[in-house]
Amino acid sequence: EAGVVQSPRYKIIEKKQPVAFWCNPISGHNTLYWYRQNLGQGPELLIRYENEEAVDDSQLPKDRFSAERLKGVDSTLKIQPAELGDSAVYLCASSLTSGAFSTDTQYFGPGTRLTVL
Amino acid sequence: GNSVTQMEGPVTLSEEAFLTINCTYTATGYPSLFWYVQYPGEGLQLLLKATKADDKGSNKGFEATYRKETTSFHLEKGSVQVSDSAVYFCALRDSSASKIIFGSGTRLSIRP
């Protein structure tokens, strides 16, 4: 079974440019997460989807970041415009949620390493 | 708020040495606790987990015991191998949310 797929794996852009990351979760997983991992730190949640609905976007910087999961399957995370401080690895994860919250393992993709110059 | 504190790295050991990576947490209620591992060039993988006090999670020779009295979840392995070289993350999920809170990670390097 295929794992969580992310693309691109690496992206280098200049500041003020837009950038987008794509994630395809494990088939059948209804919950999708986007995390940001700064160098030398653990991942921090940006947004969590259950099906098409963003149920937790409290940590998403909404002035420049946006995300969508239109059909409840794959998802796109966008930054516009990018700033130097956005350089990080952006991780996507998925899990199968039943009931009030997820009790299952989150499976992570390999991440997209973004460098903003 | 909830948080995870883990031993700073890097940790360098010789093959077959005993490993301990310390992890303590702050949380309300009864969180689930996890160790994730990130091998070079790969995504995070769940290594083991424990969902209630005194549970022991184990996988690939690694173990960690959920100690509520000391709010700890230390990772141990009796004899490490070169292939264990990776970054290890301690994490928790609180009892009321799906969000996982990660520690800052500990880089482990094993010398042959």
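Residues numbered from 1 in each chain as written. Chains lettered and ligands numbered in written order. Predicted model: local features only at pLDDT ≥ 70, side-chain atom pairs only at ≥ 80, totals over all residues. Heavy atoms only, no water.

What about the layout of surface pockets?
Selection criterion: Buriedness of a pocket was judged along seven lines, with at least five required to meet protein on both sides within 12 Å; pockets are open sets of points on a 1 Å grid over the protein atoms alone, cavities are sets where a 1.4 Å probe fits but cannot get out, and lining residues have an atom within 4 Å of a point. Grid points are joined across faces, edges and corners, and a volume is the space filled by probe spheres set on the points. Numbering of helices and strands starts at the N terminus; helices are DSSP runs of H or I of at least 4 residues and strands are runs of E of at least 2.
Within this model, the largest pocket holds a volume of roughly 730 Å³. In terms of lining residues, the largest pocket is bounded by 33 residues, among which A:Gln37, A:Arg113, B:Gln38, B:Val87 and B:Arg107 are the most central. Secondary-structure elements contributing two or more residues to the lining of the largest pocket are β9 (88-95) and β11 (112-116) of chain A together with β10 (86-93) and β12 (106-111) of chain B. As a volume, the second largest pocket reaches approximately 150 Å³. Taken together, A:Gly3, A:Val4, A:Ile26, A:Thr105, A:Gln106, A:Tyr107, A:Phe108, B:Tyr36, B:Leu44, B:Gln45 and B:Leu46 make up the lining of the second largest pocket. At the level of elements, β10 (107-108) of chain A together with β6 (44-50) of chain B are the ones that each hand at least two residues to the lining of the second largest pocket. Among the elements that line the lining of the second largest pocket, the one with the most residues is β6(B), at three residues.

Section: the interface of chain A and chain B
Selection rule: Any two residues having at least one pair of non-hydrogen atoms within 4.5 Å are treated as being in contact. Put simply, buried area is how much 1.4 Å-probe accessible surface two parts lose in total, over both of them, once they are put together. Salt bridge, as used here, is a side-chain nitrogen of Lys or Arg placed within 4 Å of a carboxyl oxygen of Asp or Glu. Contacts described as polar in this section are N or O atom pairs within 3.5 Å, which, within protein, must combine one atom able to donate a hydrogen with one able to accept it, while residues neighboring in sequence count only if both atoms come from side chains.
Contacts between the two partners involve 21 residues from chain A and, on the opposite side, 17 residues from chain B. Summed over both sides, the interface between chain A and chain B buries roughly 1500 Å², with carbon and sulfur atoms accounting for 50% of that surface. Scanning the region where chain A abuts chain B turns up zero salt bridges. Across the chain A-chain B interface, the total number found is two residue pairs in polar contact (both at pLDDT 80 or more).

Looking at the pairing of strand β7 (residues 56-59) of chain B
Across a regular strand the side chains alternate sides, sitting on one face of the sheet and then on the other. All names here are of chain B. This is how it is decided: A strand pair is defined by DSSP finding two or more bridges across the two strands.
Here β7 pairs with strand β8 (residues 62-65) via four bridges, running antiparallel. Bridge pairing links Ser 58 to Glu 63 in β8. Connecting β7 to the antiparallel partner β8 that follows it, the hairpin turn spans two residues, and Lys 60 within it adopts a positive phi of roughly 55°.

Remarks on the environment of A:Ile13
Residue and element names in this part refer to chain A. Counted only if it meets this: Any residue under 20% of the maximum accessible area for its type is buried, any over 50% is exposed, and the rest in between are partly exposed; the area is computed with a 1.4 Å probe on protein chains only.
With respect to the element layout, Ile 13 can be found in strand β2 (residues 10-13). Of the residues examined, Ile 13 reaches a relative accessible area of 8% and is grouped as buried. Counting along the chain gives 64 residues from Ile 13 to Leu 77, while the straight-line C-alpha distance between them is 15 Å. The residues contacting Ile 13, other than those within four sequence positions of it, are Pro 18, Val 19, Ala 82, Leu 114, Thr 115, Val 116 and Leu 117.

Quick notes on the sheet that holds strand β9 (residues 75-77) of chain B
The strands making up a sheet associate through backbone hydrogen bonding, with each pair oriented either parallel or antiparallel. Residue and element names in this part refer to chain B. Worth spelling out the cut-off: Under this scheme, a helix contributes an axis fitted over its contacting stretch, all axes are lines through C-alpha atoms, and angles between N-to-C directions fall in the 0 to 180 degree range.
With antiparallel pairing, four strands are arranged side by side in an open sheet as β3-β9-β8-β7. What marks the edges here is a single partner per strand, and that holds for β3 (19-21) and β7. The average angle at which neighbouring strand axes cross in this sheet is 20°, direction not considered. Sheet topology places β8 next to β9; three bridges connect them, and they run antiparallel. Bridging across to β9, Glu 63 finds its partner in Glu 76.

Focus on the nonpolar core
Note the threshold: The nonpolar core is taken to be a set of buried Ala, Val, Leu, Ile, Met, Phe, Trp, Tyr and Cys residues, with the residues joined through side-chain atoms within 4.5 Å.
Counting 26 residues, the largest nonpolar core has B:Trp35, B:Leu47, B:Leu48, B:Phe73, B:Leu75 and B:Tyr88 as its most contacted members. The set of elements that each furnish at least two residues to this core consists of β2 (11-14), β3, β4 (23-26), β5 (32-38), β6, β8, β10 and β12 of chain B. Looking at this core, the element that brings in the most residues is β10(B), giving four residues. B:Leu48 has contacts with B:Leu33, B:Phe34, B:Trp35, B:Gly57, B:Ser58, B:Asn59, B:Phe62, B:Glu63, B:Ala64, B:Phe73 and B:Leu75, leaving out every residue within four places of it along the chain. In terms of nonpolar packing, the next biggest core, distinct from the first, is built from 21 residues, A:Phe21, A:Ile26, A:Ala88 and A:Val116 among them.

Some details on the state of the cysteines
Residue and element names in this part refer to chain A. Convention followed: Defined by distance alone, a disulfide is two cysteine sulfur atoms within 2.5 Å.
Per the counting criterion, the structure on display carries two disulfides over all chains. With its sulfur 1.9 Å from that of its partner, Cys 23 forms a disulfide with Cys 92. As the torsion about the S-S bond is roughly -70°, the Cys 23-Cys 92 disulfide counts as left-handed. Remark: Cys 92 occurs in strand β9 and Cys 23 occurs in strand β3 (residues 19-24); sequence separation between them is 69 residues. For Cys 23, a relative accessible area of 0% puts it in the buried group. According to the relative accessible area criterion, Cys 92 is buried, its value standing at 0%.

Some remarks on the pattern of salt bridges
Counting across every chain of the model gives seven salt bridges over all chains. Across the salt bridge formed by A:Lys62 and A:Asp57, the nearest N and O atoms sit 3.8 Å from each other. With a closest N to O distance of 3.6 Å, B:Glu63 and B:Lys56 form a salt bridge. The exposure class assigned to B:Glu63 is partly exposed, which follows from its relative accessible area of 34%. Residue class for B:Lys56 comes out exposed when judged on its relative accessible area of 51%.

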